[in-house]
Amino acid sequence: TDANAPAVAAVCARLDGLPLALELAAAQVGVFGVEALAARLDDALRVLTRGRRAGPARHQTLRALLDWGWERLTDAERRTLARLSVFRDGFALDAAAAVAAEPAGAAGAVAALGRLVEQSLVDVRDGGPAGGVRYALLETVRQYAADRLAADPREAEAARDRHLAWAAGAVADARPRLWDADWFHETARLGLVADDLRAAVLWGERAAAPTPEGRRRAVHALAVAGPLYHRWVVAGDFDDGLRTVAAALAAAVAAGLAVEAPAGCWTAAPDADQETRRVLGDALLCWMILTMLQNRADDALRADVGARATGAAEWEAAAALGVPPDPDMQRRRWFIAVIAAEARLVGGDVAGALEAGPGIVAAARASGDPRSVATALTRVGFHLGVAGRLADATALLEEAAAAWRAQGDPLFLTLTEHSLGALAFGAGDLPRAAAAVRATVASQRAVWAPWNLTRTFGLAAGVLAAGAPATPATAADVARLLGAADQVRRRGGMILQAYDLALHDGAAAAAEAVLGPDAARAARDEGARLDVAAAMD
């Protein structure tokens, strides 16, 4: 039926279309119903236990079939399959070699992987944005192999440690490219392994302790979580980001690498080394960005105190060693100042936000890094615009837009164009605001950034409400755009930014004044059901 079709599709997808698994699942529909069955498939081995009584034993439960296959594997194949079960997403060959490696090296694990592919226990898939090929365990096989791995706690711990180390290495490898013109594509590549990165951090939190091994896990967890603010902001996964960074910070505290006092203000422990301070600084910056974007200004500013103290200690330690501050350290220092200023803006301290602006721009220009300059101009210009200093804001944002065009960065250009459109709207220049909306929507078709898209929908609704005839058709479009923005925000734990409230509330009131409360709500619900591409149209 139309009602249960999504659950049926979910069951088929979770069971990888395996005929025996589907037959066993069908036998359980009378017990659970298809929706409840779909919800139970995280533990498919214990659910799918009613097969053909007259058939071979291996056809009577899914576990029996997998036991039969397991016994036909070599010891090396069993170890490799069990170790690979720690991956939540697909994995590349180098990742498999790192996590499933034997003491003698990775060659044995790679050879065993090839034999598992031949036996259809590991699937080969297109590499997507990363190129090449990726591998994945069928979900039922992964659950079975994970059970086998859990039966040997020391082996399971070692596999999860290697998985965490691999995740830290993958993010470290991507990190330099997260600050160049190709950063959007790099975040897409990290998105392919998002579930694995999260799982690795959660293991780091669970296994962190004030021992050398426990501290290493905590450092790795911080190293994974901190630089991922690019991904979480672009993908709009704010809730996921906050949970993951919180886990990394908790790991640092559990390992004695950081102190949280008062609550929400983390600083590096006095004996923390330079690497620990660096990864902790990244994690604190990430926490500040995500809490600020959820209007949690107080949380962001409490973390700012710890981030500044950690950064100062990092700076002093470098000076004591006679090492000049590297560009990464300098960038983090002024970026923390940017986010703190924006948090003050969110919290209503407009004067405090503006006071920091000249220093932020000057520090970015002094760095000589074009991306730092463009970022500073974009954010400080935005702050000035929120404060009503439209001419000053426009000058900085136009300079920023030119810089982003020169660097070929479509996403940051989109963010800047949106801010210019909002300034034009505030100044009553509706044609220019409408042109900015069109340009931003055109960019969004090529560059998916949900958070900015919600703001673009809101600006479009405001322009339409202010500039078009107040007819029921126009008012319904305004409400649909607001509903589309609502839905995109809900998917990722995003909320309406404090500085967008006035525009949003004005558009909502205009639609309701024409349609009435009930019809406006119905149009908004209709917009929430729209496919995003249809909303952009």
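A few points on the structure.

### Quick look at the state of the cysteines
Working step 1: Applying the stated rule across the entire model yields 0 disulfides.
Working step 2: Lacking any disulfide linkage, Cys265 is separated from the closest cysteine sulfur, that of Cys286, by 17 Å.
Working step 3: Under the relative-accessibility criterion, Cys265 is labelled buried at 6%.
Working step 4: For Cys286, a relative accessible area of 0% corresponds to the buried category.

### Focus: the environment of Arg302
Working step 1: Among the secondary structure elements, Arg302 is positioned in helix 17 (residues 297–320).
Working step 2: Taking relative accessible area as the criterion, Arg302 reaches 35% and is therefore assigned partly exposed.
Working step 3: Separated by 37 residues in the primary sequence, Arg302 and Cys265 have C-alpha atoms spaced 5.2 Å apart.
Working step 4: Here the side chain of Arg302 touches Asp299 through a polar contact of 2.4 Å, side chain to side chain.

### Here we look at the environment of Ala248
Working step 1: Assignment of secondary structure puts Ala248 in helix 15 (residues 238–254).
Working step 2: Classification of Ala248 as buried rests on a relative accessible area of 0%.
Working step 3: Separated by 122 residues in sequence, Ala248 and Pro370 place their C-alpha atoms 31 Å apart.
Working step 4: With near-sequence residues (within four places) excluded, Ala248 lies in contact with Val201, Ala221, Leu222 and Ala225.

Calculation notes
- Residues numbered from 1 in each chain as written.
- Predicted model: local features only at pLDDT ≥ 70, side-chain atom pairs only at ≥ 80, totals over all residues.
- Heavy atoms only, no water.
- Disulfide = S-S within 2.5 Å.
- Buried < 20%, exposed > 50% of the residue type's maximum accessible area, 1.4 Å probe, protein only.
- Helix = DSSP H or I, 4+ residues; strand = E, 2+ residues; numbered from the N terminus.
- Polar contact = N/O pair within 3.5 Å; in protein donor to acceptor, adjacent residues only side chain to side chain.
- Contact = heavy atoms within 4.5 Å.

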